[in-house]
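What the coordinates show
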There are 2 protein chains.
Amino acid sequence: MPEFGKVVVFGVGLIGGSFALALKEAGAVEEIVGFGRTPVTLRVAQEIGVIDRAGINPAHEIGDADIVLVATPVAQMPDIFARIAPYLGPHTIVTDGGSTKGDVVAEARAAFAERIGQFVPAHPIAGAENSGPSAARWDLYQGKKVVVTPLPENGDEALDRVKRAWSVCGADIYELAPEAHDRVFAAVSHLPHLLSFALVHDLAVRDDAEVFFTFAASGFRDFTRIAASHPEMWRDICLANREALLVELDSYRAQLDELRLALAGNDGERLEEIFGIARQARREWAGGR
Amino acid sequence: MPEFGKVVVFGVGLIGGSFALALKEAGAVEEIVGFGRTPVTLRVAQEIGVIDRAGINPAHEIGDADIVLVATPVAQMPDIFARIAPYLGPHTIVTDGGSTKGDVVAEARAAFAERIGQFVPAHPIAGAENSGPSAARWDLYQGKKVVVTPLPENGDEALDRVKRAWSVCGADIYELAPEAHDRVFAAVSHLPHLLSFALVHDLAVRDDAEVFFTFAASGFRDFTRIAASHPEMWRDICLANREALLVELDSYRAQLDELRLALAGNDGERLEEIFGIARQARREWAGGR
């Protein structure tokens, strides 16, 4: 008998669809029920075996579900939380796949109120270029990290169930407090995106932009790869994690001020020191992966 | 009969050695004479066929050379220019492979004085991870860009000879004024390196640096790849191109200020606009390569 009975997935694209396929591949789930914004997406997801059937009414699907994964863009989560909150069964555990946690937790608290213990926030670290159900892959999470950000109200059983599900998908499970999660991802993901967008924009709006792009080479290519990311998605992530991102941005601006001072003062020693520390850290990081 | 007679190369590593090999591969040179800082390097270069022989005394090698390529780090160029200046023959053309041009031109003017017309500055855009003569490859410049930055004093024949040599190596030849060159490369190469070093350094010096690096993923990897570059080399490049780099750094800081304002003011529309312009420019750039 599979470890999980009914699993409901809101958003049957890359993140939710791959979660569904991974549980199925492991024989760990009895039934996957999918909800989505358009009937076409759900039909495709069913045809290619990502879900077993499309859900019609949350009132009929949530109460007896073991796990409800909300894997939509973060902006859509408040609405979904509100729609499912009245129907949580005593056994139902809800989790999410959002890349920011503080805002999602606040919305979940508003919707689930005294049942917030049944919501276990999480963030699977597995982006990819493509989206939609046809981008889903059973092995997307193999060896990837999933960060679970437990709430004080989460019981052991709720926490374990979410961790187990992601483990079954092949992921390595980490725990961070929601605030620590948002601080870390502001620094290592959201800020670099902002910085990369900023560089390309600064060049693109110049009258003689063409001459700059003509001579841009491999260093530019790597540095700006993430500037080809989705503008709306990154607008939402930046706003959702605004407070932590502002802190990281200000820390970075102070770092640039220091570099400017060293450069303007011809302080080669300080420049080399900063570059050297960065190089060593970058090499150790790459070597440890 | 080969197009070029004697070619003298100062610095027989990746840049100079590959130039030598490419000319030989094309059958375009009679003899390659190498100068270097250590006898060992020159012996290796000769053994693997990068040079035909090691030069001993510039007084005996420069006067009858068709081309003298100075392919050392920029910091060593003033000394080499001073050593060879007394021996330029009427037919000798000197060129260089430095990645900054304003400073090299100033040093060349000081050394060559009224014979500055015999110096044609250039910058081959072909870095690689490795260095030394054994890293040299005959095909390094195939399809790569070489920027020639002519001086008002350069005659057509001098300019053509340098362009021809790089064309024979398989490169595509571009022309920029030295100041334009330095401005462009400050923006698309030197600044991104500075920004990438800054991000990694800002994280590396934190007490809890470990937690940040633990969750850094592919976006961080691409953005920081150039932060593993050589600290001394980049110190020298930043200082050599200090004025142009300061201008670009200040332009970028103003861009960050604007992004900070939009973020702090919850101005999603402006964020999306900036991200969208960047994304489109990045995609067009990648598509055009």
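1. Quick look at the overall build of chain A
- Each helix and strand in chain A was counted, giving 12 helices and nine strands.
- Summarising its shape, the C-alpha atoms of chain A cover approximately 70 × 40 × 35 Å along the three principal directions.
- Taking all 289 residues of chain A together, the buried fraction comes to 52%.
- Sequence separation of 24 or more characterises 77% of the internal contacts of chain A that already satisfy a separation of 6 or more.

2. Here we look at the nonpolar core
- Core analysis: the biggest nonpolar cluster contains 198 residues, and Val9 and Leu23 of chain A together with Val9 and Leu23 of chain B have the highest contact counts within it.
- Dropping the residues within four chain positions of it, valine 9 of chain B is found in contact with Gly16, Phe19, Ala20, Ile32, Gly34, Ile51, Leu69 and Ala71 of chain B.

3. With respect to the relation of the copies chain B and chain A
- With an RMSD of 0.0 Å, chain B superimposes on chain A once it is rotated by 180° and translated 0.0 Å along the axis. Given the turn and translation reported, the copies of this chain are related as if by a two-fold rotation axis. Closest to the rotation axis within chain B is the C-alpha of phenylalanine 223 of chain B, separated from it by 2.1 Å.
- Interface residue correspondence from chain B to chain A reaches 100%, placing this contact among same-surface, isologous pairings.

4. Describing unusual backbone geometry
Residue and element names in this part refer to chain A.
- The backbone of alanine 113 sits at a positive phi, close to 50°, despite the residue not being glycine.
- Following the sequence through the fold, alanine 113 ends up in the loop between α5 (102–112) and β6 (119–120).
- A positive phi angle, near 55°, is found at asparagine 266, a position not held by glycine.
- Within the secondary structure, asparagine 266 sits in the loop between α11 (242–264) and α12 (268–287).

5. A few points about the environment of histidine 60 of chain A
- By secondary structure assignment, the location of histidine 60 of chain A is in helix α3 (residues 58–61).
- Note: C-alpha distance between histidine 60 of chain A and arginine 242 of chain A (182 residues apart in sequence) is 37 Å.

6. Some points on the domain arrangement of chain A
Residues and elements named next belong to chain A.
- In terms of domains, chain A is made up of domain 1 (4–176) and domain 2 (181–287).
- Summarising the inter-unit geometry, the C-alpha centres of domain 1 and domain 2 are found 32 Å apart.
- Residue composition of the side of domain 1 that touches domain 2, by class: five nonpolar, five polar and two charged.

7. Remarks on the sheet that holds strand β7 (residues 122–125) of chain A
All names here are of chain A.
- Reading across the sheet, the three strands line up as β7-β8-β9 and stay open at both edges, with mixed pairing between neighbours. One side of each edge strand has no neighbouring strand; the edge strands of this open sheet are β7 and β9 (172–175). On average, adjacent strands in this sheet sit at an angle of 20° to one another, irrespective of strand direction.
- In the sheet, β7 pairs with strand β8 (residues 145–148) via four bridges, with the strands oriented antiparallel.

8. What to know about α5 of chain A
All names here are of chain A.
- Burial in α5 covers these residues: Gly102, Asp103, Val104, Val105, Glu107, Ala108 and Ala111.
- The inward-facing, buried residues of α5 contact α4 (77–84), β5 (93–96), β6, α7 (178–204) and α10 (231–240).
- Note on α5: the residue one or two positions beyond its end, alanine 113, has a positive phi of about 50°.

9. Comments concerning the sheet that holds strand β3 (residues 53–54) of chain A
Residue and element names in this part refer to chain A.
- Read across the open sheet, the six strands follow the order β3-β2-β1-β4-β5-β6; overall the sheet is parallel. Two strands in the sheet have a free side with no partner beyond their single neighbour: β3 and β6.
- Pairing geometry for strand β1 (residues 4–10) and strand β4 (residues 65–70), over five bridges, is parallel. Bridge pairing links valine 8 to valine 68 in β4.
- Its contacts with the sheet put helix α1 (residues 14–25) on β1, β2 (29–35) and β4, and the angle it makes with β1 is roughly 165°.

10. Quick word on the interface of chain B and chain A
- Taken together, the contact between chain B and chain A spans 71 residues of the former and 71 residues of the latter.
- Looking at the side of chain B that touches chain A, the element that brings in the most residues is helix α7 (residues 178–204) of chain B, giving 18 residues.
- Broken down by class, the residue content of the side of chain B that touches chain A amounts to 46 nonpolar, 12 polar and 13 charged.

11. Description of the packing of α12 of chain A against helix α10 (residues 231–240) of chain B
- It is the contact of α12 of chain A with α10 of chain B, at a shortest axis distance of 9 Å, that shows an interaxial angle of 140°. Compared by their axis directions, α12 of chain A and α10 of chain B come out oblique. For the crossing formed where α12 of chain A meets α10 of chain B, the hand is right-handed. Contact with α12 of chain A, carried on its side by Gly268, Leu271, Glu272, Phe275, Gly276 and Arg279 of chain A, involves Pro231, Glu232, Trp234, Arg235, Cys238 and Leu239 of chain B of α10 of chain B and no other residues of that element.

12. Brief notes about helix α6 (residues 156–168) of chain B
Residue and element names in this part refer to chain B.
- For α6, with 13 residues, the first-to-last C-alpha span of 18 Å sits near the 18 Å given by 1.5 Å per residue.
- All of the buried residues along α6 are Ala158, Val162, Lys163, Ala165, Trp166 and Val168.
- Two residues or fewer after α6 comes glycine 170, characterised by a positive phi angle close to 100°.

13. What about the confidence of the model for chain A?
- Here chain A shows a mean pLDDT of 96. Residues at 70 or above account for 99%.
- We note a pTM of 0.90 for the whole complex and an ipTM of 0.91 for its interfaces.

14. Let's talk about the environment of arginine 282 of chain B
- Locating arginine 282 of chain B in the fold gives a position in helix α12 (residues 268–288).
- Accessibility expressed as a C-beta count within 10 Å gives 27 for arginine 282 of chain B, which makes it buried.
- The contacts of arginine 282 of chain B, once residues within four sequence positions are left out, are Val200, Thr224, Ala227 and Ala228 of chain A.

15. Side note on the pairing of strand β4 (residues 65–70) of chain B
Residues and elements named next belong to chain B.
- Taken across its six residues, β4 has six buried, putting it largely inside the fold.
- Direction of pairing for β4 relative to strand β5 (residues 93–96): parallel, over a ladder of four bridges. Looking at β5, one finds that isoleucine 67 is bridged to isoleucine 93.

16. A closer look at the environment of serine 99 of chain B
Residue and element names in this part refer to chain B.
- Note that serine 99 resides in the loop between β5 and α5 (102–112).
- Remark: the alpha-carbon pair of serine 99 and arginine 242, spanning 143 residues in sequence, is separated by 13 Å.
- If sequence neighbours within four positions are ignored, serine 99 has contacts with His123, Phe185 and Ile237.

What counts and what doesn't
Residues numbered from 1 in each chain as written. Chains lettered and ligands numbered in written order. Predicted model: local features only at pLDDT ≥ 70, side-chain atom pairs only at ≥ 80, totals over all residues. Helix = DSSP H or I, 4+ residues; strand = E, 2+ residues; numbered from the N terminus. Buried ≥ 20, exposed ≤ 12 C-beta atoms within 10 Å, placed from the backbone. Contact = placed C-beta atoms within 7 Å. Core = buried A, V, L, I, M, F, W, Y, C linked by C-beta atoms within 7 Å. Least-squares fit on C-alpha atoms with pLDDT ≥ 70 in both. Domains from an automatic or database assignment. Nonpolar A, V, L, I, M, F, W, Y, C, P; charged D, E, K, R; others polar. Pairing = 2+ DSSP bridges. Axes fitted to C-alpha atoms, helices over the stretch in contact; angles between N-to-C directions. Parallel < 35°, antiparallel > 145°, perpendicular 65-115°, else oblique. Left-handed = near helix turned anticlockwise from the far one by under 90°. Expected span 1.5 Å × (residues − 1). pLDDT = per-residue confidence, 0-100.

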